[in-house]
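Given next are the chains, with one letter for each unit.
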Amino acid sequence: MKITVVGTGYVGLVTGTCLSEVGNDVICFDTDANKIAMLQRGDIPIFEPGLQDMVKRNMQAGRLHFTDDIERATHFGTIQFIAVGTPPGEDGSADMQYVLSAARNIGRHMNDYKVVVDKSTVPVGTADAVRAAIAQELELRGVNTPFSVVSNPEFLKEGAAIDDFMRPGRIVLGCDDEQAALNMRALYAPFQRHHDRLILMDIRSAELTKYAANAMLATRISFMNELANLAEKLGADIEQVRRGIGSDPRIGYDFLYAGAGYGGSCFPKDVKALIHSAAQDAGIQLKVLQAVEAANQAQKHVLAGKVKAHFGNDLAGKHFALWGLAFKANTDDMREASSLSVIADLTAAGATITAYDPVATAAAQAVLGAQPGVAFATSATQALQGADALIIVTEWKEFRSPDFDHIKATLKQPVIFDGRNLYEPALVRAMGITYLAIGR
């Protein structure tokens, strides 16, 4: 099939590349000429395991193309994915200007039947707005070219996006006409040969499903973080509690890990957008999600609070090693990363920091700029040099089994603040290291 993907960000690039991997002819469009030039060289603007090799392989096979020519892109694909950003506004709402701009461009240039697919995470009712925008452009041209609009939300985890796309747990499709449904079923047939994973529903339900899924996962995280803070006060161990409740099949183990708060491009944005949409469009206050958001914001300051509780509120003259900058492992995404809150809190108290991350250093430098008191190391061991204590913020694999003897010998004081509960407390403490984790 011939497919156009509008937007070469995280979702668009993964979607286009994976669709080309199974034999489709795909063209990806972006307005950023520099990004398109980078992609045409076989480089990619994000870190995602396995993605760059897949991009190069499908470019060489002639199945994957990149362009900044919107007319060419619109004429190319029968199926047109809209996978542009929906950044949060100051009030938490999703900014729809890029989605609607993409829709208008399709309407301006299409000359035969198109299936327009909302792949971006969008508020309920967006498909109606996309349909109206395309129809308006067609009317201005004086043509009556047929088209369909469907909702096909993405459920990709950063760091495991290729596996999520190639082996989906479910494919949600909001559709109100048979021709579009047949096209989409054919498109996704290679990804569900074992059994049918496609869940067909009305468009508005599909749009809400994406927000509901992320809001539910964010709720589990905030619940466990609050429970961890309680466990710490009561002398309980949140890891043992997690195993106890996770063994209940009604609950399960996923997303029950306490830590330094959630971040990234999805959970924070989507929780805020759903709260805003409910209030503005339906007059409903989502009190649970308001609490989830408030709890997460508070949790991002818990780790720095532990540092201050141990060393005192005035951290002038103290220097800390910080392991992990990205919001989670296997990505370089710094959006809403907990490390930013930790760094801000500690430097505001007078501390200096040397941070290390296996892949996110450049992204962190772009976000932080030349912030006084913050330096970056090229290895985890280098970050320890001259540090009073170690702070762990991201659960990278290389941090899971470190040389504790070396850590103890290198730090001025043998103290680890673990924001991801990577280690067994008794084991670390038996080595003579003060170990302060979350809820343990």
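For every chain, the first residue of its written sequence is number 1, and the numbers climb from 1 along that sequence. Side-chain atom pairs in this predicted model are given and counted only at pLDDT of 80 or more, local residue features only at pLDDT of at least 70, and totals for whole chains, interfaces and linings cover all residues. Based on all heavy atoms of the structure, the side-chain values leave hydrogens and waters out of the count.

(A) Just the nonpolar core, in detail. Counting residues in hydrophobic clusters, the biggest one holds 39 residues, and the most contacted among them are Phe 81 and Met 184. Residues within four places of Met 184 in sequence aside, it is in contact with Ile 79, Phe 81, Val 115, Val 117, Val 150, Asn 152 and Leu 173. Here, the term nonpolar core denotes a set of buried Ala, Val, Leu, Ile, Met, Phe, Trp, Tyr and Cys residues that are joined through side-chain atoms within 4.5 Å. Three labels apply to residues, based on accessible area from a 1.4 Å probe with only protein chains included: buried if under 20% of the type maximum, exposed if over 50%, partly exposed otherwise in between. Residue contacts are defined here by distance: any two heavy atoms, one from each residue, within 4.5 Å place the two residues in contact.

(B) Fine view of the packing of helix 6 (residues 126-141) against helix 9 (residues 203-234). Two elements in contact, helix 6 and helix 9, have axes whose closest approach is 9 Å; the angle formed by their N-to-C orientations is 125 degrees. As the angle between them shows, helix 6 and helix 9 are arranged oblique. Residues Thr 126, Ala 127, Asp 128 and Arg 131 of helix 6 pack against Ile 203, Arg 204 and Glu 207 of helix 9. Here the residues of the contact of helix 6 with helix 9 are counted per class, giving 2 nonpolar, 1 polar and 4 charged. Interaxial angle, 0 to 180 degrees, is taken between N-to-C directions of lines fitted to C-alpha atoms, where a helix line uses only the stretch in contact. By the criteria applied, helices consist of DSSP H or I runs no shorter than four residues and strands consist of E runs no shorter than two, each listed in order from the N terminus. Working rule for angles: under 35 degrees goes down as roughly parallel, over 145 as roughly antiparallel, 65 to 115 as roughly perpendicular, anything else as oblique. Polar here means any residue other than Ala, Val, Leu, Ile, Met, Phe, Trp, Tyr, Cys and Pro, which are nonpolar, and Asp, Glu, Lys and Arg, which are charged; Gly is therefore polar.

(C) Spotlight on the sheet that holds strand 10 (residues 352-356). We call two strands paired when DSSP finds no fewer than two bridges between them. If you trace the 6 strands from one edge of the open sheet to the other, you get 11-10-9-12-13-14, paired in parallel fashion. Every interior strand has two partners, whereas the edge strands, strand 11 (374-376) and strand 14 (434-436), have only one. Averaged over neighbouring strand pairs, the angle between their axes works out to 20 degrees when direction is ignored. In this fold helix 13 (residues 302-311) packs onto strand 9 (319-323), strand 12 (389-392), strand 13 (415-418) and strand 14, with an angle of close to 155 degrees to the strand it touches most, strand 13.

(D) Inspection of the pattern of salt bridges at higher detail. Any carboxyl oxygen of Asp or Glu within 4 Å of a side-chain nitrogen of Lys or Arg constitutes a salt bridge here. Applying the stated criterion across every chain yields a total of 23 salt bridges. As a salt-bridge pair, Lys 2 and Asp 25 come within 3.3 Å of each other at their nearest N and O atoms. Taken together, the residues Lys 2 in strand 1 (residues 2-6) and Asp 25 in strand 2 (residues 25-29) connect sequence positions 23 residues apart. A cluster of three or more residues bridged by salt bridges with shared partners is formed by Asp 128, Arg 131, Asp 176 and Arg 204.

(E) Structural context of the packing of aromatic side chains. Planes of paired rings set the category: under 30 degrees apart is stacked, over 60 is edge-to-face and the rest tilted, where pairs are Phe, Tyr or Trp rings (Trp by its six-membered ring) whose centres lie within 6.5 Å. Counting across every chain of the model gives 11 aromatic pairs. Measuring from centroid to centroid gives 5.0 Å for Trp 323 and Phe 399, while their planes differ by 25 degrees, and the two rings are stacked. Taken together, the positions of Trp 323 in strand 9 and Phe 399 in the loop between strand 12 and helix 17 (404-410) put the pair 76 residues apart, joining distant regions of the chain. Relative to Tyr 423, the ring of Phe 404 lies with its centre 5.0 Å away and its plane at 85 degrees, an arrangement referred to as edge-to-face. Of the two residues, Phe 404 is situated in helix 17 and Tyr 423 in the loop between strand 13 and helix 18 (425-430); the sequence distance between them amounts to 19 residues. Each member of the pair, Phe 404 as well as Tyr 423, carries the same accessibility label: buried.

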